[in-house]
Amino acid sequence: MLLLLALRYKVPSEVVRRVRLFLRIHAAKSGSSDPKLASKLYGELLRILARRGLLREETQTPLEFAAAVNVPQLAPAVEEFTRLYVQARFGGAPCDTTRLGQLLGQVRAGLRPRANASN
């Protein structure tokens, strides 16, 4: 029964996707310019936020979207992530995969419900 539920909610594919992304982040050389990896990581950020109802409009630039995220525990991480992404993707700056991975972790943690919230 658990296997059927896992397959229904695409748990295996989610695990595989996360493992691949983790490996790409940790295999990338820090300081290397990799706009494709920066784009992949930004796509992951958008996917995480979209699952919580924070959707980027087609007409928004990445920086406009980051400025529109008004969740206090997420906004600083999203803004820094987006700034690093824009610099790596469009400015030719090195893609700091370590920092981008840390920021993704902060965003995930900021979206988790708190155990002792409003009791």
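Since the structure is predicted, the reported quantities are computational estimates derived from the model, not experimental observations. Position labels on residues start from 1 in each chain and follow its written sequence. Local features are withheld for residues below a pLDDT of 70 in this predicted model, meaning they are given only at 70 or higher, and side-chain atom pairs are given and counted only at 80 or more; totals for whole chains, interfaces and linings count all residues. For side-chain calculations, the full set of non-hydrogen atoms in the structure is used, while hydrogens and water are omitted.

Once that is clear, we can look at the confidence of the model for the chain. For any part of a model where pLDDT is low, the fine detail of the predicted coordinates should not be relied upon. Per-residue confidence from the predictor is given as pLDDT, running between 0 and 100. Averaged over all residues, the pLDDT of the chain equals 80, while 66% of them reach at least 70. Strands are runs of DSSP state E lasting at least two residues, helices are runs of H or I lasting at least four, and both sets are numbered from the N terminus onward. The secondary structure element of the chain with the lowest average pLDDT is helix H1 (residues 2-8), at 61, and the one with the highest is helix H4 (residues 62-68), at 96. Of the regions scoring below 50 in pLDDT, residues 115-119 engages in zero contacts with residues more than four places distant in sequence or in other chains. Any two residues having at least one pair of non-hydrogen atoms within 4.5 Å are treated as being in contact.

An expected span of 1.5 Å times one less than the residue number is assigned to each helix. Its 16 residues place the ends of helix H3 (residues 35-50) 22 Å apart at the C-alpha level, agreeing with the 22 Å of an ideal helix rising 1.5 Å per residue. Three exposure classes are used, based on accessible area relative to the maximum for each residue type with a 1.4 Å probe and protein chains only: buried under 20%, partly exposed in between, and exposed over 50%. The set of residues buried in H3 consists of Leu37, Ala38, Leu41, Tyr42, Glu44, Leu45, Ile48 and Leu49. The buried residues of H3 occupy an angular sector of 155° when projected down its axis, which confines them to one face. What the arc measures is the spread of directions leading from the helix axis to the C-beta atoms.

What follows concerns helix H6 (residues 97-111). Spanning 15 residues, H6 covers 21 Å between terminal C-alpha atoms, matching the ideal 21 Å at 1.5 Å per step. Where H6 is concerned, the buried positions are Thr97, Leu100, Leu103, Leu104, Val107, Arg108, Gly110 and Leu111. The buried residues of H6 occupy an angular sector of 165° when the element is viewed end-on, so they sit on one face.

Before going further, it helps to examine the pattern of salt bridges. Any carboxyl oxygen of Asp or Glu within 4 Å of a side-chain nitrogen of Lys or Arg constitutes a salt bridge here. By the definition in use, this model includes three salt bridges. A salt bridge links Glu44 to Arg108; the shortest N-O distance between them is 2.6 Å. Within this pair, whereas Glu44 is found in helix H3, its partner Arg108 is found in helix H6, the two being separated by 64 residues in sequence. Each member of the pair Glu44 and Arg108 is classed as buried. Taken together, the shared-partner salt bridges in this structure form one network comprising Glu44, Arg47 and Arg108.

Helix axes are fitted only over the stretch in contact, all axes being lines through C-alpha atoms; the angle between N-to-C directions runs from 0 to 180 degrees. Interaxial distance between H3 and helix H5 (residues 75-90) falls to 9 Å at its minimum, and their mutual angle equals 150°. It follows that H3 is roughly antiparallel to H5 by the angle criterion. For H3 against H5, the interelement crossing comes out left-handed. Side by side, H3 and H5 meet where Pro35, Ala38, Ser39, Leu41, Tyr42, Leu45 and Leu49 of the first sit next to Val78, Phe81, Thr82, Tyr85, Ala88 and Arg89 of the second. Every angle not falling under 35 degrees, over 145, or within 65 to 115 is termed oblique; those three ranges are roughly parallel, roughly antiparallel and roughly perpendicular. Left-handed describes a crossing whose near helix is turned anticlockwise from the far helix by less than a right angle; the clockwise case is right-handed.

Glancing now at the side chain of Thr82. Summarising the element assignment, Thr82 is placed in helix H5. The residues touching Thr82, leaving out its near neighbours within four places in the chain, are Tyr42, Leu45, Pro62, Leu63 and Ala66.

Counting 24 residues, the largest nonpolar core has Leu45, Leu49, Leu74, Val78, Phe81 and Val107 as its most contacted members. Counting residues per element, the ones that place at least two in this core are H3, H4, H5 and H6. Among residues more than four places away in sequence, those in contact with Phe81 are Leu41, Tyr42, Leu45, Leu100, Leu103 and Leu104. By convention a nonpolar core is built from buried Ala, Val, Leu, Ile, Met, Phe, Trp, Tyr and Cys residues, the set being connected through side-chain atoms within 4.5 Å.

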